[in-house]
Structure formats: C-alpha cells, structure tokens
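Structure at a glance
Each chain, letter by letter, is given below.
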Amino acid sequence: MKFEWDPAKGRSNVRKHRVSFEEAAECFADPLAIDYVAKDDRGRMVLVGLSLRHRLIVTVYVEKHGDIIRIINARLSTRAERRRGDAMKKPSAKLPSAASLRELPELDVGRYRARRNPYAARISREGIELVHEGPSPRSLAEIPELDVGKLVARPNPYASRAAEAVARLQYGRGRPTKAREVGPTTTRSIRLPDAIWQALDDEARRHATTVHALLRQAIATFLSARLDPHTD
C-alpha cells in the first residue's frame, strides 16, 4: 500500500510533534487500530494505532485517487485517546507536549464515525511503499530538469573503483591495519524496527562479532553484487 506526504511537512512534524511520518505509516498495519471518519465528510480522517516502537500515534490523513494514503499530521496520543479496546499491547508512556496539542487538539470522537482499521489486512499482503512527490519549483529553478539532448551519456566510470574500495572494507572487530585502510569514513545513523535490531544482535553473537561489523559486511556484499559488471 502506498503512502505519501510533503517532505518539508514531514521534517517539520518531527520537530513539532516528535513523530516521523514513516512511523505514522507503520500504524496503518496495526490490526487493532481505530479509524475515525469525519461525519461532515470533509475528506480528512484520523487513525489511532500502534507503531513498531509501541507508541500510540494519532495520524491525520486523506485517501487520494489510486488508493494512496497522504499523511497530513501525526502526534503522540493523549491518555483519553488511549482508552480503546487494545489490551494486547501496552503503548509507550510518552504524551504529546502542550505545543503539540495546540496545533493538533485532542480528538473529538463525537465528530467522527469510528470503524476498525480497514488497511491492516491489505498492508499484511502488500507491505508499505513510500511515495514522495517530485521536486519543488524552487528546487527545479536551481537545478533544472535534465535535457538529455544536450548531454553525452557514458557508462559509470566510478563503478570499478568503488568495487575495489568495497572489497577492502574490514568486517571484523577492531580497526583495519595500516595497509588495509581505505581513507576517511563518515558516520551515519539508521533507524530500524526493534525486531530487526534484535535479530542483528543474535546474529552478531553467533559469529562472535559486532552489529556494526555485521552491517558493514551486509552493505559490502550488497554493493559488490550491484557494482559487479558481470551481474545482471
């Protein structure tokens, strides 16, 4: 199932409400989520469901043509909004801030028709696909659309050099020896569901290595296959 949102709005939502739209999309897979449809039929709907981080999220969204869910806003739920028929899972104790509630007030259930989550079964079959909009006019003004008629195409000249660097990455514990250093490295962060982190921890213990080394090995294996000119 496809989800989309305004990327700038998504970044703003994290700052204001401490909830990413990626996490909000996860809640649509919760079979115990409650979906609220406005009685005035303005098109906007609200889903209250658990994310993979076990946080009960209130998500405002609309259904677009082509079965696409467009997320508008999302925040943590209040105590009153947590009083739903879900005894199987206990949500995080964190509550929305006063500033968050000023922008997204507590849900007035009297203005909505409640229904069971109509999306969970479909997501269990199809998964979640994030669909983002194209570049903004400001972005295109700075970097115009590619005019292929004015350019000369060539095969990627960097693939072989990148493949060599990948082959020299160290997978085990400790720092590489001086002869195997590949130059400066950059630290990046990655967010994964708790279940995946637990599986990585278990796998690292089985191989007597670290999660960090295991991730480096997985990335190197993936890139080696993608950069191999003999691989389709």
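Check the entry above for the structure.
Attention here is on the structure that accompanies the text.

1. Some details on the pattern of salt bridges
Tallying each qualifying case throughout the model produces 10 salt bridges. A salt bridge links Glu-4 to Arg-70; its shortest N-O distance comes to 3.0 Å. Of this pair, Glu-4 sits in strand S1 (residues 2–4) while Arg-70 sits in strand S5 (residues 68–76), and the two are 66 residues apart along the sequence. Side by side, Glu-4 and Arg-70 carry an identical accessibility label, which is buried. With its nearest N and O atoms 3.6 Å apart, the salt bridge here joins Glu-103 to Lys-16. Note that Glu-103 is positioned in helix H3 (residues 98–103) and Lys-16 in helix H1 (residues 7–17), a separation of 87 residues in sequence. Connected via shared salt-bridge partners are Glu-4, Lys-64 and Arg-70.

2. Comments concerning the packing of aromatic side chains
Applying the stated criterion to the full structure yields 6 aromatic pairs. Here the aromatic rings of Tyr-61 and Tyr-119 are separated by 6.0 Å at their centres, their planes lie at 80°, and the arrangement is edge-to-face. Residue Tyr-61 is found in strand S4 (residues 56–64), and its partner Tyr-119 is found in the loop between strand S6 (112–116) and helix H4 (120–126); the two are separated by 58 residues along the sequence. With relative accessibility at 0%, the residue Tyr-61 sits in the buried group. Among the aromatic residues, those joined into a ring-pair cluster are Phe-3, Phe-28, Tyr-61 and Tyr-119.

Cut-off values and rules
Residues numbered from 1 in each chain as written. Predicted model: local features only at pLDDT ≥ 70, side-chain atom pairs only at ≥ 80, totals over all residues. Heavy atoms only, no water. Salt bridge = Lys/Arg side-chain N within 4 Å of Asp/Glu carboxyl O. Helix = DSSP H or I, 4+ residues; strand = E, 2+ residues; numbered from the N terminus. Buried < 20%, exposed > 50% of the residue type's maximum accessible area, 1.4 Å probe, protein only. Phe/Tyr/Trp six-rings, centres within 6.5 Å; stacked < 30°, edge-to-face > 60°.

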